[in-house]
Amino acid sequence: MSNEASGAGGSEKGVADFSIKRLSTGSVELDEVLQGGIPENSLNIIMGEPGSGKTTLAEAFVFANAGGDRPILYLTTLSEPLDKVIKYLQAFRFFDMEKMGSAVQYEALGDELATKGVGALLPRLKDAIKTLSPKIIVIDSFKAIHDLATSNQEMRLMLHEIAGLLAAYNTTVLLLGEYRHEDIVTFPEFAVVDGIIELARNALGTRDERYIRVFKLRGSSYRPGFHVFDITSDGLQVYPRLVSPVEAASYKRDSSRTPSGVPGLDSMLAGGLSTGSATLLAGATGSGKTTMGIQYILEGLRRGERCLLVNFQENPTQLAHQMEQIGGKLDADMRSRLELFYYSAVELSIDKIVVNIFRALRRSVIRRVVIDALGDLAVAASDPIRMHHYLYALVQHFAVQGVSSLLTLETDLPIMPNDEHDGRLRHMSDNIIFLEMKTTEGIVGRTLRIAKARGIAHDLQPRELKIDDRGLHIVEARR
Amino acid sequence: MGSQTQLSGDDKTIILVVDRNSHICELESHFLNKAGYVVEFEQSGDSVVEHALKLHPEIIITEILVPGVDGLALCRQLKGDPRTRDIAVLIFSTLAAVVRAKEAGADAFLLKPLAEDALVATVRQVLEARRERLRSTQHEQRS
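Predicted, not measured: the structure shown is a model, and the values here were computed from it.

Conventions and cut-offs
Residues numbered from 1 in each chain as written. Chains lettered and ligands numbered in written order. Predicted model: local features only at pLDDT ≥ 70, side-chain atom pairs only at ≥ 80, totals over all residues. Helix = DSSP H or I, 4+ residues; strand = E, 2+ residues; numbered from the N terminus. Buried ≥ 20, exposed ≤ 12 C-beta atoms within 10 Å, placed from the backbone. Contact = placed C-beta atoms within 7 Å. Rg over C-alpha atoms; globule rule 2.2 N^0.38 Å. Pairing = 2+ DSSP bridges. Axes fitted to C-alpha atoms, helices over the stretch in contact; angles between N-to-C directions. Expected span 1.5 Å × (residues − 1). Arc of directions from axis to C-beta. pLDDT = per-residue confidence, 0-100.

Asks: Break down the overall build of chain A for me, citing the residues and quoting the values.
Replies: Across its full length, chain A holds 17 helices and 23 strands. Counting across all 479 residues of chain A, residues that qualify as buried make up 42%. Residue pairs in contact within chain A that sit at least 24 positions apart in sequence constitute 71% of those at least 6 positions apart.

Below you can see the structure in the form of structure tokens.
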């Protein structure tokens, strides 16, 4: 017997073992949110206000899947004129002229719908299925068709027929619409579709942050929550919300040490910080946090490691100058192993920063990361709880990948209070080092104190610290 | 593309489709007609045997979830009746019941939704296998 049960495992008891095929959205990151892409043969709504990126998402999806022996049909209705849609489509890099008219077919339904009413859609779709066998159908905008219905009953009946037809045939459908949240409970199409994806904007101070959210994806898991995105010439650039890695509980911790690059500090830590550990470096302004971060990176470079320095205050030129002052001129090999990320505090988005850090980690085997400073990251996160979720997930990813991280935190207090904010930071850090400044008889002195070093013997006594043109050093260990 | 299927010597072959979904019936009819087959319909499983005895279809394509006698019971009925056991049965269903279809004696199983290429190819394959089976039976009887 032949078995053409595509997508079916043929399980006979209880839930069938369906392995749903996915269609890429054209964005690796959006596919990650959707656990691989839009499920094949599904009916989906892409909702969002005008200008939110619905058409861009749909077009990128269309061109990512164009080709093969079945075309893709893009139907415009009563929102944007077809000519305008095609005009702006050409500005995107995913646009492929060769595919227009063959692999991708655009048709305008507006006039037909305006003349014949909502009843024109069903025969038009049937005709398209019979004559084109489209593997994907996009209707842009589906919501606009509501305005033509003479009654709710007419719209419901039409929708019932359309949903039945599209479910019967093996095609993947996107229904685009300027739906609002309240429409989800009142518009019948939301009950029948398999997937709902929302594109929206959120005002953050003087700027807007775009986000994408999956509301529903029948038969499939997806990454819930708000995922920030930009619209670029490549389409949607999505920054998936960070979650802790699933392998967090099972990774093997490296027992080796990562020398700090600060003379005298490693002997206080019985050889250095644990490899793969997260170190919180706290101190007031001018206490030497950035300098120690640079020394930590330079030590890694001297040891042949790849290093990443994420900075929010000083641009790469200033930073490179500072590094050369402390560590001397970097040779070509050291420069090639150093990645500098600079983000302006004005345009920060924690999702983008985190995704870019992960891209860097994927590109090459980075052993050390310095984030200078967490306070700037907190601004980017827009709320402290979100910041802590991100930071926790980030630190977990670092640990799993054996990346040693140093995170600087500006604080005027000698001891971190056990409040919700700093308490969380304290718990997620493997090591905590304080750089403190004290004025005694009119003279400002510096000390370094190790408050915590998970799993390793460490010196708890504050040690005198000096900063000179070569960076920080513990006084007893003067070079 | 499925819609480009060529007409062949199958143009007089009768196919009986048992399905209550009007969209499926319409699309199946369209693609199978296009492939050169004559298509008849039944919406429930109750009178299929009776209908088959009059129509002499070479193949019956049935959904499992149909009113009256379900598709699997219908398949067992057809395969258990000497008058209809030579009719090929293709179970075409929303239920991923390939094993049950096999146990019921079906010649092939296809999972919905409808994909014209897979449908036409499976029908052709099943018909070819049926004809081959009938030729060997006739050859054995003669010798």
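Asks: Lay out the overall build of chain B with the relevant residues and their values.
Replies: Looking only at helices and strands, one finds five helices and five strands in chain B. Counting helices and strands in the order they occur from the N terminus, chain B gives β-α-β-α-β-α-β-α-β-α. Compactness check: chain B gives a C-alpha radius of gyration of 14 Å against a globular reference of 15 Å for 143 residues, within 12% of the reference. Seen through its C-alpha atoms, chain B measures out along the principal axes to roughly 45 × 35 × 30 Å.

Asks: Help me get a handle on the sheet that holds strand 18 (residues 366-372) of chain A, residues and values and all.
Replies: Two orientations exist for strands paired in a sheet by backbone hydrogen bonds: parallel and antiparallel. Residues and elements named next belong to chain A. Across the sheet, nine strands lie side by side as 17-16-18-19-15-20-21-22-23; this open sheet has mixed pairing. Strand pairing shows two members of the sheet lacking a second neighbour, strand 17 (338-342) and strand 23 (471-474), which therefore form its edges. On average, each strand axis in the sheet is inclined to that of its neighbour by 20°, with strand direction left out of account. Of the strand pairs in this sheet, strand 16 (residues 306-311) and strand 18 are connected by six bridges, and their pairing is parallel. If you follow Leu-309 over to strand 18, its bridge partner there is Val-370. Of the strands in this sheet, strand 16, strand 17 and strand 18 are in contact with helix 14 (residues 350-363), which crosses strand 16 at around 170°.

Asks: So what's going on with helix 7 (residues 152-168) of chain A? Residues and values would help.
Replies: Over its 17 residues, helix 7 of chain A runs 24 Å from end to end, which matches the ideal 24 Å to within 8%, given 1.5 Å per residue. Within helix 7 of chain A, the full set of buried residues consists of Met-158, Leu-159, Ile-162, Leu-165, Leu-166, Ala-167 and Ala-168 of chain A. Tucked inside the fold, the buried residues of helix 7 of chain A contact strand 4 (43-48), helix 5 (121-132), strand 8 (172-177) and helix 9 (189-192) of chain A together with helix 1 (22-34) of chain B.

Asks: Explain unusual backbone geometry to me, and be specific about the residues and the numbers.
Replies: Here the bond from Asp-372 of chain A into Ala-373 of chain A is cis, since omega is 20°, no more than 30 degrees from zero. Considering the arrangement of structural elements, one finds Ala-373 of chain A in the loop between strand 18 and helix 15 (374-381). With an omega of 10°, the peptide bond between Lys-112 of chain B and Pro-113 of chain B qualifies as cis. Phi is positive for Asn-41 of chain A, close to 65°, though the residue is something other than glycine. Along the chain, Asn-41 of chain A falls in the loop between strand 3 (38-39) and strand 4. In this structure, Ala-270 of chain A takes a positive phi of about 50° despite not being glycine. Take Ala-270 of chain A: it is sitting in the loop between helix 10 (265-268) and strand 14 (273-274).

Asks: Describe the sheet that holds strand 6 (residues 104-108) of chain A, with residues and values.
Replies: Residue and element names in this part refer to chain A. Read across the sheet, nine strands follow the order 6-5-7-8-4-9-10-11-12 without closing on themselves; strand pairing throughout is mixed. Either end of the sheet is taken by a strand with one partner, and the two such strands are strand 6 and strand 12 (235-239). Neighbour-to-neighbour, the strand axes of the sheet open up by a mean angle of 25°, direction not taken into account. Bridge count for strand 10 (residues 207-217) against strand 11 (residues 227-232) is three bridges, and the pairing is antiparallel. What sits directly across from Arg-210, in strand 11, is Phe-229.

Asks: Any chance you could break down helix 1 of chain B for me, citing the residues and the numbers?
Replies: With 13 residues, helix 1 of chain B ought to run about 18 Å at 1.5 Å a step, and its terminal C-alpha atoms sit 18 Å apart, in line with that. All of the buried residues in helix 1 of chain B are His-23, Ile-24, Leu-27, Glu-28, Phe-31 and Leu-32 of chain B. Angular distribution of buried residues about the axis of helix 1 of chain B spans 140°; they occupy a single face of the element. Looking at the packing, one finds that the buried side of helix 1 of chain B touches helix 5 and helix 7 of chain A together with strand 1 (14-18), strand 2 (38-42) and helix 5 (116-142) of chain B. Gly-36 of chain B lies just past helix 1 of chain B and shows a positive phi near 100°.

Asks: Describe the environment of Val-85 of chain A, naming the residues involved and giving the relevant values.
Replies: Residues and elements named next belong to chain A. Mapped onto the secondary structure, Val-85 falls in helix 3 (residues 82-89). Separated by 365 residues in the primary sequence, Val-85 and Ile-450 have C-alpha atoms spaced 61 Å apart. The residues touching Val-85, leaving out its near neighbours within four places in the chain, are Thr-55, Thr-76 and Glu-80.

Asks: Can you explain the environment of Leu-125 of chain A? Please cite residues and give values.
Replies: Residue and element names in this part refer to chain A. You can see Leu-125 is positioned in helix 5. Given 23 C-beta atoms within a 10 Å radius, Leu-125 is considered buried. For Leu-125 and Ser-405, which are 280 residues apart along the polypeptide, the C-alpha to C-alpha distance reads 56 Å. With residues near it in sequence (within four places) discarded, Leu-125 still touches Ile-162 and Leu-165.

Asks: How would you sum up the confidence of the model for chain A? Please name residues and give values.
Replies: Residue and element names in this part refer to chain A. A residue-level look at chain A finds 89% of positions with pLDDT of 70 or above and a mean pLDDT of 86. By mean pLDDT, strand 1 (residues 2-4) is the weakest element of chain A at 57, and helix 2 (residues 54-65) is the strongest at 97. Confidence drops under a pLDDT of 50 for residues 5-11, and excluding neighbours within four residues, the segment shows 27 contacts in the predicted structure. Of the regions scoring below 50 in pLDDT, residues 13-17 engages in six contacts with residues more than four places distant in sequence or in other chains.

Asks: Residue-level account of the pairing of strand 6 of chain A, with values.
Replies: The sheet contact formed by strand 5 (residues 72-76) of chain A and strand 6 of chain A spans five bridges and is parallel. Along strand 6 of chain A, the bridge assignment pairs Ile-72 of chain A with Val-104 of chain A.

Asks: Tell me about the pairing of strand 11 of chain A, residues and numbers included.
Replies: All names here are of chain A. Note that strand 11 and strand 12 share five bridges and pair antiparallel. Each bridged residue has a counterpart across the sheet, and for Asp-230 the counterpart in strand 12 is Gln-237. Once strand 11 ends, the chain turns through two residues before running back antiparallel as strand 12.

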